[in-house]
Amino acid sequence: MWTSAKAPSLAEMETMAHAIFERLPKGFRDLCEGLIIRVDDFPTEEVLDEMDAESEFDLLGLFHGVGLPFRSNDDIARLPNMIWLYRRPILDYWAEHDETLGRIVRHVLIHEIGHHFGLSDADMEAIEAQG
């Protein structure tokens, strides 16, 4: 039964994340106009230090950028909004919990965007309940 099971590659998980993002509510997606989603195996040492993470498995994802509600016409050119998903910590979490991988990736996307914009846990739970 388990002889053909395998973890998704970086590219496969990135494709999954894009598909999940496109199914999130439009108003929520609009907060991150032009969002770029990237998948890496682990966060960088710099990110781990900035986030005071004890282990490379502590972070499942990270949002970096400035959303539409926080932009100003006076702003200079900036890098695009990005979400980093960390494949190995997500797979580790998946192995230890009774949830589908897609549900975990969706949860991480919603929470990374939501926390950045100051949404409450109740707001994010409502968004998760929509899908």
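Residues numbered from 1 in each chain as written. Predicted model: local features only at pLDDT ≥ 70, side-chain atom pairs only at ≥ 80, totals over all residues. Heavy atoms only, no water.

The next point concerns the overall build of the chain. Secondary structure assignment for the chain yields six helices and three strands. In sequence order, the secondary structure elements of the chain are arranged as α-α-β-α-β-β-α-α-α. Burial statistics for the chain: of 131 residues in total, 35% are counted as buried. Total accessible area on the chain is roughly 8200 Å²; 52% of this is exposed by carbon and sulfur atoms. (Helix = DSSP H or I, 4+ residues; strand = E, 2+ residues; numbered from the N terminus. Buried < 20%, exposed > 50% of the residue type's maximum accessible area, 1.4 Å probe, protein only. Areas by Shrake-Rupley, 256 points an atom, 1.4 Å probe, with all protein chains shown as cover.)

With that out of the way, let us pick up the sheet that holds strand β3 (residues 82–86). Across a sheet, strands are paired by hydrogen bonds formed along the backbone, either parallel or antiparallel in direction. One open sheet holds the three strands; their spatial order is β1-β3-β2, and the pairing between them is mixed. Lying at the two open borders of the sheet, with one neighbouring strand each, are β1 (36–40) and β2 (61–64). Sheet twist, expressed as the mean angle between neighbouring strand axes with direction ignored, is 15°. Note: β1 against β3, five bridges, orientation parallel. By the bridge assignment, Arg-38 is partnered in β3 with Trp-84. Together, β1 and β3 form the strand contacts of helix α4 (residues 87–96), whose direction differs from that of β3 by roughly 55°. (Pairing = 2+ DSSP bridges. Axes fitted to C-alpha atoms, helices over the stretch in contact; angles between N-to-C directions. Contact = heavy atoms within 4.5 Å.)

Moving on, we come to unusual backbone geometry. In this model, Asp-52 sits at a positive phi of 55°, which is unusual for a non-glycine residue. Take Asp-52: it is sitting in the loop between α3 (45–50) and β2.

Now for the environment of Gly-102. On the secondary structure map, Gly-102 appears in helix α5 (residues 101–116). Taking the relative accessible area as the measure of exposure, Gly-102 reaches 28% and is therefore partly exposed. Gly-102 sits 89 residues away from Met-13 along the chain, and the two C-alpha atoms are 9.2 Å apart. Once residues lying within four places of it in the same chain are set aside, the contact partners of Gly-102 are Met-16 and Ile-20.

A separate point is the nonpolar core. Among the nonpolar cores identified, the biggest contains 27 residues, and Leu-35, Leu-85, Ile-90, Val-105, Leu-109 and Ile-113 are the most heavily contacted of them. Ranked by residue count, the leading element in this core is α5, at seven residues. Membership of the second largest hydrophobic core comes to five residues, among which are Val-47, Leu-48, Leu-59 and Leu-62. (Core = buried A, V, L, I, M, F, W, Y, C linked by side-chain atoms within 4.5 Å.)

Using the criterion set out here, one finds one aromatic pair in the structure. Considering the side-chain rings of Phe-42 and Phe-57, the 5.1 Å spacing of their centres and the 85° angle between planes classify their relative orientation as edge-to-face. You can see Phe-42 sitting in the loop between β1 and α3 and its partner Phe-57 sitting in the loop between α3 and β2, a full 15 residues away along the chain. (Phe/Tyr/Trp six-rings, centres within 6.5 Å; stacked < 30°, edge-to-face > 60°.)

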